[in-house]
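# Coordinate analysis (summary)
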Amino acid sequence: MPIVDSKTGKVRKKYTIEELKEAAKLMRGYNMISLYAAGSGHSGGTLSIMDITAALYLHIINHDPDDPFWDGRDRVIWSTGHKAPSLYLGLGMAGYFDVEEVVTLRKLYSPFQGHPHWLKLAGVEASTGSLGQGLSIGVGIALAAKLDNKNFRVYTITGDGEHQEGQIWEAIMEAGHYKLDNLINVLDKNRLQIDGWVKDVMDIDPIVEKYKSFKWNVIEIDGHNMEEIIRAYETAKEYKGKPTVIIAHTIKGKGVDFMENVAGWHGKAPNREQMESAIEQLGLRDKLDVERLLKKAEDYQKKVTIKLESKMPKFSKDYFWNKGDKMKVDMDPTRRGFGRCLNEHGDDERIVCLGQDISGSITISQFYENYPERKKRFLSMGIAEQSGTGVAAGLAKEGKLSVIGTYGTFASARNLDQLRTTVCYGNFNVFVAGAHGGVSVGPDGATHQALEELFQMCGLPNMHVAVPCDSVETKRMTEYLLFNIKGPKYIRFAREATPIVTTPDTPFVFGKANVIRYRGEKDRFIDAFETVLASDYKSENEDIAIIACGPSVPEAMRAAYILKEEFGIETRVVNMHTVKPIDKETIIKAVLETNVIITAEEHQVGGFGNRVAAVMTTSKELFEKPIIMGMIGVKDRFGESGYPWELVKEFEVSGEHIAKLAKELFDYYKSKH
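Just so we're clear, the structure is a prediction, and the values are computed from it rather than from any experiment. (Residues numbered from 1 in each chain as written. Predicted model: local features only at pLDDT ≥ 70, side-chain atom pairs only at ≥ 80, totals over all residues. Heavy atoms only, no water.)

## Overview of the overall build of the protein
- When its secondary structure is counted, the protein shows 23 helices and 24 strands.
- Computed over its C-alpha atoms, the radius of gyration of the protein comes to 26 Å, within 12% of the 26 Å expected for a compact globule of 673 residues.
- Expressed along its principal axes, the backbone C-alpha trace of the protein runs to roughly 80 × 60 × 50 Å.
- Counting every position in the protein, which comprises 673 residues, the buried fraction comes to 62%.
- If you take every contact in the protein between residues at least 6 apart in sequence, the share linking residues at least 24 apart comes to 79%.
- Entry remark: accessible area of the protein is about 25300 Å², with carbon and sulfur atoms responsible for 50%.
- On the protein, the mean spot of the 86 positive side-chain charges and the mean spot of the 93 negative ones are 2 Å from each other. (Helix = DSSP H or I, 4+ residues; strand = E, 2+ residues; numbered from the N terminus. Rg over C-alpha atoms; globule rule 2.2 N^0.38 Å. Buried < 20%, exposed > 50% of the residue type's maximum accessible area, 1.4 Å probe, protein only. Contact = heavy atoms within 4.5 Å. Areas by Shrake-Rupley, 256 points an atom, 1.4 Å probe, with all protein chains shown as cover. Lys, Arg positive; Asp, Glu negative; His and termini not counted. Charge placed at Lys NZ, Arg CZ, Asp CG, Glu CD.)

Here's what the structure looks like:
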């Protein structure tokens, strides 16, 4: 049924096949403009699914844009959450909102998050982004409809690479077992994922036979033939006794010649020239006012910037990175240090790296790039964190130095039971890389911003946990963990380029913190500080100690700079690059020798701070010492889409926020003494 008025039952608008084709083309154009305006996103998959989306939202499902929560509506669950722009455009074209609003995609405070969030945008049925989970949600909704004798249908949108996740197959089994003929799964079979062709990464075929063996009705179509799409949907709606999967054979990047069938366009946005070329190829030059739409996105961004900056702590000047004539820093993503280490030491035949489809993004692919002889020791596990972790344990048991990595939110949570029971309980020598830690991951949004993994990893017996502060320290830490720590180990690093504040000559001892002191403004930020191994440091009677880990260390250093220049407050910065085992002696000394303690982490507040506090409250040396302590971290919130440095400010983990809290606590201390 087309779009309806839920109160009267009358059809609001009915699309012909030709109109659906034109709508899909127009949606592709809006998609290109929105991705360009965002500067990030997923071009390939959004283009491959657009015909399916147009048919679904404009012709097939029973829904009412004026009453998004109408109980009789059909439900659509986008398990492939990274294709969110296609979902948003389907809703916009159907009338849930002005479709042009989608040009604010992935911007801070926008409802059009990098991955869909159902609490932010009417018409979105579930928050998704971690692949493999949406079909299970669909099974649950379809079961609820059966239990309540309701007639609505449930549609799920899945991808072929996603079928490498074990949870998908559990849901397929459940749907077949319960004969959920009110469930229709659309499989966008565009044959490509981030690491390459699906058949080469981890083959899912013969997918038709597999679905049939799980008691599903199977329909195969050309996912770009609108007549076939409509016919398949209508046939699936009438089928009784089994759930239906529509396997849509599509082309990744459909409609834009330089994007079609190119894996590199999975998670990449077009530049201005590429966007213009795409609009031309789609024949939309006279149908879309590109400049006006970009101006709309630009105006929105200006409002966001004004709002965000109004919330920032204010000082006599702007101390933010590279804003002044002095204190300049070089920036480099911490993840690159991980890749450089694997590249340098990859000839060691004991090392086996396991990829999980985002190999280039987390830099684990540097292990074999330019070294074809190492490729046999790089195992593509596909999108399968749980099994991959178990495989890594098996390799470790037989003497291999197994390295497995993915985004931190998946590396620490999706496979938590495997890490607990198989890796840690067995004390296997498995090296886990948790990439993209913190809100500075940016526009991908909450589902991809790892903010909880220190709670999870530090709670596992036998696990070693490291959070290096920059790319240089990440390389040194990776090397140490790989060759010197026997047993489970987890390294957390960020995605975005962050300040380089160490050198290869900076003191580095695993399990022992460094003390960093600000010595006065210099042309180069790094030269304005002195770094000493904490066990060698002699107290200078500082007022405040800021104990930090990861990229929060440079922010803590900047806070020390602000505190000295603005208020004459001396600060001891502690780089706690090893979070487990934590350097208790350095924490105790900091409490005894300073007046105020602040912890800083780009993580849910307390993941690191609670561990420092535990040392402070359980150490006999401190039982008689009054303690004033504050914590900087994400305040029990999920992440947001936005530019990385915007999010550092929005979530109040910047150097300015550290300095503000430090000054408040220092003033409180002075008022009492």
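## Here's the deal with the confidence of the model for the protein
- Here the protein shows a mean pLDDT of 97. Residues at 70 or above account for 100%.
- The lowest-confidence element of the protein is strand 2 (residues 11-13), averaging 91 in pLDDT; the highest-confidence one is strand 21 (residues 571-575), averaging 99. (pLDDT = per-residue confidence, 0-100.)

## What about the sheet that holds strand 21?
- Spatial ordering of the open sheet is given by 19-18-21-20-23-24, a layout of six strands whose pairing is mixed. A strand with exactly one partner marks an edge of an open sheet, and here the two such strands are strand 19 (529-533) and strand 24 (629-634). When the angles between neighbouring strand axes are averaged without regard to direction, this sheet yields 20°.
- Strand direction decides the pairing type here: strand 20 (residues 544-548) and strand 21, joined by five bridges, are parallel. (Pairing = 2+ DSSP bridges. Axes fitted to C-alpha atoms, helices over the stretch in contact; angles between N-to-C directions.)

## Remarks on the layout of surface pockets
- Volume-wise, the largest pocket comes out at about 850 Å³.
- For the largest pocket, the lining is made up of 50 residues, of which H42, I194, H266, Y407 and D444 are closest to its centre.
- Secondary structure elements with two or more residues in the lining of the largest pocket: strand 6 (192-193), helix 13 (359-362) and strand 13 (401-407).
- Partitioning the lining of the largest pocket into residue classes produces 14 nonpolar, 22 polar and 14 charged.
- Taken together, 26 residues line the second largest pocket, and the ones lying closest to its centre are S127, T409, A446, T447 and F638.
- Mapped by element, the contributors of at least two residues to the lining of the second largest pocket are helix 15 (408-411) and helix 17 (453-458). (1 Å grid on protein atoms, 1.4 Å probe; cavity = no way out; pocket = protein on both sides within 12 Å on 5 of 7 lines; lining within 4 Å. Points joined across faces, edges and corners; volume = space filled by probe spheres on them. Nonpolar A, V, L, I, M, F, W, Y, C, P; charged D, E, K, R; others polar.)

## Some points on the nonpolar core
- Formed by 68 residues in total, the largest nonpolar core has its most connected members in I33, L56, L58, Y88 and Y233.
- In terms of residue count, helix 1 (residues 17-38) provides more of this core than any other element does, nine residues in total.
- Discounting chain neighbours no more than four positions away, the residues touching Y88 are F97, V102, L105, P111, F112, Q113, H115, P116, L121 and V124.
- Counting 48 residues, the second largest nonpolar core, distinct from the first, contains V553, A559, V596 and A659. (Core = buried A, V, L, I, M, F, W, Y, C linked by side-chain atoms within 4.5 Å.)

## Observations concerning the sheet that holds strand 14 (residues 430-435)
- Strand order in the open sheet formed by seven strands is 12-11-13-14-16-15-22, and the pairing between neighbours is mixed. Across the chains shown, the open sheet's two edge strands, defined by having one partner strand only, are strand 12 (378-380) and strand 22 (578-580). The mean angle between the axes of side-by-side strands here comes to 20°, regardless of whether they run parallel or antiparallel.
- Note: strand 15 (residues 464-466) against strand 16 (residues 489-492), three bridges, orientation parallel. If you follow A466 over to strand 16, its bridge partner there is I491.
- With respect to the sheet, helix 14 (residues 385-397) is in contact with strand 11 (351-355), strand 12, strand 13 and strand 14, its orientation differing from that of strand 13 by roughly 165°.

## Observations regarding the environment of D348
- Mapped onto the elements of the fold, D348 is located in the loop between helix 12 (335-345) and strand 11.
- On a C-alpha basis, the gap between D348 and R374 in space is 9.5 Å, while along the polypeptide they are 26 residues apart.
- Excluding residues that lie within four positions of it along the chain, D348 makes contacts with R377 and F483.
- A polar side-chain atom of D348 sits 2.8 Å from a polar atom in the side chain of R350. (Polar contact = N/O pair within 3.5 Å; in protein donor to acceptor, adjacent residues only side chain to side chain.)

## Observations concerning the packing of helix 19 (residues 552-567) against helix 23 (residues 655-672)
- Following both chains from N to C, one finds helix 19 and helix 23 inclined at 55°, their axes separated by 8 Å at the closest point. By the angle between their axes, helix 19 is oblique relative to helix 23. Where helix 19 crosses over helix 23, the two elements pack in a sense that is right-handed. Where helix 19 abuts helix 23, its residues S552, E555, A556, R558, A559, I562, L563 and F567 lie against G655, E656, I658, A659, A662 and K663.
- Residue classes in the contact of helix 19 with helix 23 are distributed as eight nonpolar, two polar and four charged. (Parallel < 35°, antiparallel > 145°, perpendicular 65-115°, else oblique. Left-handed = near helix turned anticlockwise from the far one by under 90°.)

## Notes on the environment of M557
- By the secondary structure assignment, M557 is in helix 19.
- Apart from the residues within four sequence positions on either side, M557 is in contact with V501, I516, F525, F529 and V573.

## Observations regarding the state of the cysteines
- The final tally for this structure, using the stated rule, is zero disulfides.
- Left without a disulfide partner, C341 is nearest to the cysteine sulfur of C353, which lies 9.7 Å away.
- Left without a disulfide partner, C549 is nearest to the cysteine sulfur of C458, which lies 8.9 Å away. (Disulfide = S-S within 2.5 Å.)

## Some points on the pattern of salt bridges
- For the structure on display, the rule yields 54 salt bridges.
- In this structure, D71 and R75 form a salt bridge, with 3.6 Å as the shortest nitrogen-oxygen distance.
- What makes R75 buried here is its relative accessible area of 9%.
- Of the charged contacts in the structure, one is a salt bridge between E640 and K120, with a shortest N-O distance of 3.1 Å. A residue pair is termed long-range when its members are at least 10 positions apart, and E640 in the loop between strand 24 and helix 22 (644-650) and K120 in the loop between helix 4 (84-94) and helix 5 (134-147) qualify at 520 residues.
- Each of the salt bridges in this network shares a partner with another, and the network as a whole consists of R517, R519, E530, E540, E542, K564, E570, R572 and E593. (Salt bridge = Lys/Arg side-chain N within 4 Å of Asp/Glu carboxyl O.)

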